[in-house]
Amino acid sequence: MNRIAATALLAGLAVLGGASFLGVTAATRAGEFTTLQPRCDGTCVTAGGLPGAEDMALDRASGQLFVSSDDRRAEPARRGAIYMLPFATLESVSARTDATVGVPERFHPHGVSLWTGPDGARRLFVINHPDGWEGAASTVEIYDVAPEGTLRHVRTVSDPAFSRLNDIVADGPESFFVTRETLAARNSAGELWGQLSDTDRTGAVLRYAGGQVSEAATGFSFANSLALSPDAGRLYASDTIARTVRVYGRDAATGGLTQIDAAQLGTGVDNLDVEPDGRVWIAAHPKLMTFAFGHARDASVPAPSQVIILEPDPSGKGGRADQVLLTNDGAYSGASVAIRNGQRLVLGSVFEPGVRVCTLPDVWKHSVSAPVRSKLEPSR
């Protein structure tokens, strides 16, 4: 072997070794080598006819559940829908009627947020991907919730900054926060490299108010979900690849955000839901690569479903994390949202053909098992 060939061989081995190291490191960070300890203290059934229920919002006053549904495995693609269903009897309701009555025509919903005004008037804010769920173009659709059980389309909010929006939380009738996952093009080499190397920090929380869009928080590796505390004084934002939920103080006058804490949970955090007592319920993906590169591409590949609860300290800093549910049997894969009310826990998923309805015992067992490893960081 001559010197040039030897140098080329060594260079090739170095590249191969570097790629292998990067892959192993990324897989470790994504939880692929984590030993899961399944737990479910309740009993669960699946309510069908609600495909791709990626996100949901519960009106606890009326008991109505708003389900954002889009069948992402349908070929050819078909229009998504928003369903308004009774939370208490969800599994026994057979009728599925799209509350948007077909407006807008190009509709593939993602994150949803319900805002209720002082007079009781309700508005539903919906992230829409007009070109399909894998398209980068995003809009925000605003609906008034009509008494007869339909959604009256108020208007579409669009902006050049609205690319790859994921979730939304409204803090007024015309103002809201949204997450921009990343600036990388979907399914591009740049996106893959940024995720594997954990170097992409272009995800952000954007704010829309007074007809203007601004960056409210930056530096996310994959900005995913948003939720406000009951008093709207704190905003929670999930960073999926960083496996973190950030906690921000929200200025009531300006809507400005200041980070005050973070919960590093060691799992791929997805949608958040805050209960009236301030506890945050989180659906998560403990094996993120299995979900993103396996289950997302092939329905026959199961992905774990996990539910975590955060109990923030009233001060806004510190608190504790606990695991409520972890399943890996393929009965319900890739849960992306979890909403609890009383003893009922409802899960939605990006790809599953229905939602999962669980009945919890009066007191569920507490768990600190992997992959929930790190509590909130009161030292920040």
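Per-chain numbering applies: the sequence of each chain, read as written, is numbered from 1 onward. Reporting of local features is limited, given that this is a predicted model, to residues whose pLDDT is at least 70; pairs of side-chain atoms are given and counted only at 80 or more, and all residues count toward the totals for whole chains, interfaces and linings. As a rule here, side-chain values come from all non-hydrogen atoms in the structure, and water together with hydrogens is ignored.

> Help me understand the overall build of the chain in this model?
Numbered from the N terminus, helices here are DSSP runs of H or I no shorter than four residues, and strands are runs of E no shorter than two. In terms of helices and strands, the chain carries three helices and 24 strands. The buried share of the chain, reckoned over its 380 residues, is 55%. With residues, only the protein chains shown are counted as cover, and all accessible areas are computed by Shrake-Rupley using a 1.4 Å probe. Accessible surface, the chain: about 15,700 Å² in total, of which carbon and sulfur atoms supply 56%. When a residue's accessible area, from a 1.4 Å probe over protein chains only, is under 20% of the maximum for its type it is buried; when over 50% it is exposed; and in between it is partly exposed.

> Got a minute to help me understand the side chain of Ser221 in this structure?
As for its position among the elements, Ser221 is in the loop between strand E13 (212-220) and strand E14 (223-228). Given the relative accessible area of 5%, Ser221 is considered buried. Among the polar contacts listed, one links the side chain of Ser221 to the side chain of Asp239, at a separation of 2.6 Å. There is a polar contact of 3.2 Å between the side chain of Ser221 and the backbone nitrogen of Ala242. A 3.5 Å cut-off defines polar contacts: any pair of N or O atoms within that distance qualifies, except that in protein one atom must be a possible hydrogen donor and the other a possible acceptor, and neighbouring residues in sequence count only when both atoms are side-chain atoms.

> Sorry, what's going on with the state of the cysteines here?
In this description, the term disulfide denotes a pair of cysteine sulfurs within 2.5 Å. For the structure shown, the criterion picks out one disulfide. With a sulfur-sulfur separation of 2.1 Å, Cys44 is cross-linked through a disulfide to Cys358. Its torsion about the S-S bond being 105°, the disulfide of Cys44 and Cys358 is classed as right-handed. Here Cys358 lies in strand E24 (residues 354-359) and Cys44 lies in strand E2 (residues 43-48), a separation of 314 residues in the sequence. Residue classification places Cys44 among the partly exposed residues on the basis of a relative accessible area of 22%. In this structure Cys40 is not part of a disulfide, and its nearest cysteine sulfur, from Cys44, lies 3.9 Å away. A relative accessible area of 34% places Cys40 in the partly exposed class.

> Just to check I follow, could you spell out the sheet that holds strand E18 (residues 268-274) for this structure?
To summarise the sheet geometry, strands pair through backbone hydrogen bonds and adopt either a parallel or an antiparallel arrangement. At least two DSSP bridges between two strands are required for those strands to pair. The strand order across the open sheet formed by five strands is E1-E21-E20-E19-E18, and the pairing between neighbours is antiparallel. A strand with exactly one partner marks an edge of an open sheet, and here the two such strands are strand E1 (39-40) and E18. Bridge count between strand E19 (residues 280-285) and strand E20 (residues 305-312): five bridges; the pairing is antiparallel. When the sheet's bridge partners are listed, Ile282 is paired in E20 with Ile308.

> Quick question: what am I supposed to make of the environment of Phe222 here?
Secondary-structure assignment places Phe222 in the loop between E13 and E14. C-alpha of Phe222 to C-alpha of Ile241: the two residues are 19 residues apart in sequence and 5.8 Å apart in space. Residues count as neighbours in contact if any of their non-hydrogen atoms are within 4.5 Å of one another. Phe222 has contacts with Arg164, Asn166, Glu181, Gln195, Ser238, Asp239, Thr240 and Ile241, leaving out every residue within four places of it along the chain.

> It is not clear to me how the packing of aromatic side chains should be interpreted in this structure. Could you clarify?
The relative placement of two aromatic rings is captured by the distance of their centres and the angle of their planes. Only centres within 6.5 Å qualify two rings of Phe, Tyr or Trp (six-membered ring in Trp) as a pair; their planes then separate them into stacked at under 30 degrees, edge-to-face at over 60, and tilted for everything else. In total, this model carries six aromatic pairs according to the counting rule given. Seen from their ring centres, Trp133 and Phe351 are 5.6 Å apart, and the 80° between their planes marks the pair as edge-to-face. Of this pair, Trp133 sits in the loop between strand E7 (122-128) and strand E8 (139-145) while Phe351 sits in the loop between strand E23 (344-349) and E24, and the two are 218 residues apart along the sequence. Residue Trp133 is classed as partly exposed on the basis of its relative accessible area, which comes to 27%.

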